[in-house]
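Descriptive structure summary
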2 protein chains.
Amino acid sequence: MQVPPARRSNRERSDTTRQALLGAARALFVARGYAETATPDIVAAAGVTRGALYHHFEDKAALFRAVVAAEFEAVAADIAAAAPAAMDPVAALKSGGAAFLAAMQAEGRTRLLLLDAPAVLGRAGVDELDEARGGLNELQLGVEAAIAAGRFPVVPARPLALLLSSAFDRAALAVADGEAPATMQTVIEAVIDGLAADRTDPAGTVRL
Amino acid sequence: MQVPPARRSNRERSDTTRQALLGAARALFVARGYAETATPDIVAAAGVTRGALYHHFEDKAALFRAVVAAEFEAVAADIAAAAPAAMDPVAALKSGGAAFLAAMQAEGRTRLLLLDAPAVLGRAGVDELDEARGGLNELQLGVEAAIAAGRFPVVPARPLALLLSSAFDRAALAVADGEAPATMQTVIEAVIDGLAADRTDPAGTVRL
DNA sequence: ACTTGCATGCGTGCAGCCTGTATGTTATTT
DNA sequence: AAATAACATACAGGCTGCACGCATGCAAGT
């Protein structure tokens, strides 16, 4: 029997093709990297034409940006899903780090967010997307809380958050490359504990 | 008057064109990034033809790899030039970090080594070049020394070195983006001091 | 309700550029 | 003088972004 073009609203059509493009693009970007992935391959996998791609996205980089934005969203969601919330600031940083480490192990996530994204979108572009959905801001708030509670040394919160974020990223990369998660988690906690231990020193301990 | 082709040895010819290519490529990679730099532009700037480029380098990525390798070499040289050498392990890490931070401020170095290199050569490829000329190994040795001296917590040295290296990188990036070097240095020292402070705790201090 | 006009979603073809290689030419080494 | 290294030139294939064309959804007026 004939299939009458199944009258769909424009909104529906757009959404489905956008999703198809984003899905196909993500898979190929992960498998081959941004530079090695050609738009003809993407649209073939998505079952549409290049016309559709360039109708929905300004260019190949814009498509990539959309994929990365969705990925940040997913990371934030994964972390939020595992959030125990209210606890002391230092413990919160540690458990947040663990949650981040776990969330980043989703297939291809490290390549997408930590390898290709900075080169394609620039560091600033990545940070923008990251901050748009929690990420860095969340971490900075955690650092500020730890400082305010007197558990961390009094240093500029944003720069410290940047360094910690970078360390978390590298840890995620190491795990994705085969390093034991427990090992990286241990080292991360050593760094955080260090910052915290530092604090109690002048006031709460006596050095012999 | 005529310029007789000035008989030059093959070695000389190769060296000069290689240098011209590396120099021109570096400048363009820094100015526009790897992906946006075309080989025709590189050879035009170098005053040779694409034939020469593909005679000396397997492909565009190989040329980039050579540029990156030279840059790591330069970083190592800059750091070595500022090395005060023998001091206590923790102080050595701090001064090493400062030297690294300063060395990375050379024009375009952060873009080359921290943004494009990971995407083009892969994390493993970058680490390989880095280790080939000191870099990570140096840092790992420093960490091992601090641990051996009982100044750092007993954690796997390599992973900790990775995290610290990553933090240093991010600090260099921040400074290149306009952040005050003193600020980043302060934060880095806070992290290192934290790791060190941690250590004296069980043995050398009494917690009240 | 109908149709008229416009906007949206998408397919197709084209122009320009870029990479890598094959082939030719000149200079150097042996 | 033969062989080889250092380059120059020409070419093939592929990719990106845009211009254009077509069909369908949609909003308004009557």
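What counts, and at which threshold
- Residues numbered from 1 in each chain as written.
- Chains lettered and ligands numbered in written order.
- Predicted model: local features only at pLDDT ≥ 70, side-chain atom pairs only at ≥ 80, totals over all residues.
- Heavy atoms only, no water.
- Helix = DSSP H or I, 4+ residues; strand = E, 2+ residues; numbered from the N terminus.
- Rg over C-alpha atoms; globule rule 2.2 N^0.38 Å.
- Buried < 20%, exposed > 50% of the residue type's maximum accessible area, 1.4 Å probe, protein only.
- Contact = heavy atoms within 4.5 Å.
- Areas by Shrake-Rupley, 256 points an atom, 1.4 Å probe, with all protein chains shown as cover.
- Lys, Arg positive; Asp, Glu negative; His and termini not counted.
- Charge placed at Lys NZ, Arg CZ, Asp CG, Glu CD.
- UniProt positions renumbered as here; feature names shortened; annotations may be inferred.
- Near = heavy atom within 4 Å.
- Polar contact = N/O pair within 3.5 Å; in protein donor to acceptor, adjacent residues only side chain to side chain.

As annotated in an unreviewed UniProt entry, chain A carries the name TetR family transcriptional regulator and is attributed to Methylobrevis albus.

Helix and strand content of chain A: nine helices and one strand. Written out in order from the N terminus, the α and β elements of chain A read α-α-α-α-α-α-α-α-α-β. Computed over C-alpha atoms, the radius of gyration of chain A comes to 21 Å, more than 25% over the 17 Å expected from 2.2 N^0.38 for 208 residues, which places it beyond the range of a compact globule. Taking the principal axes of its C-alpha atoms as reference, chain A extends roughly 85 × 30 × 30 Å. Within chain A, the fraction of its 208 residues that count as buried is 46%. Restricting the contact set of chain A to residue pairs at least 6 apart, pairs at least 24 apart contribute 68%. A total of about 10,000 Å² of accessible surface is found on chain A, and carbon and sulfur atoms cover 55% of it. Once the 20 positive and 25 negative side-chain charges of chain A are each reduced to a mean point, those two points are 6 Å apart.

Here the focus is the UniProt feature "DNA-binding region" (unreviewed entry) in chain A. This chain's UniProt record puts "DNA-binding region" (unreviewed entry) on residues 38–57 of chain A. End-to-end, the C-alpha atoms of residues 38–57 of chain A are 15 Å apart, and along that stretch the chain is 75% helix and 0% strand.

So, about the protein's contact with DNA strand C. Residues in close proximity to DNA strand C total 21 residues, the closest being Thr49 and His56 of chain A together with Thr39, Arg50 and Tyr54 of chain B. Restricting attention to atoms of DNA strand C within 4 Å of the protein, one finds that 69% of them are sugar or phosphate atoms. One of the backbone nitrogen or oxygen atoms of Arg8 of chain B is found 3.1 Å away from a phosphate oxygen of DNA strand C. A distance of 2.4 Å separates a base nitrogen of DNA strand C from a polar side-chain atom of Arg50 of chain B.

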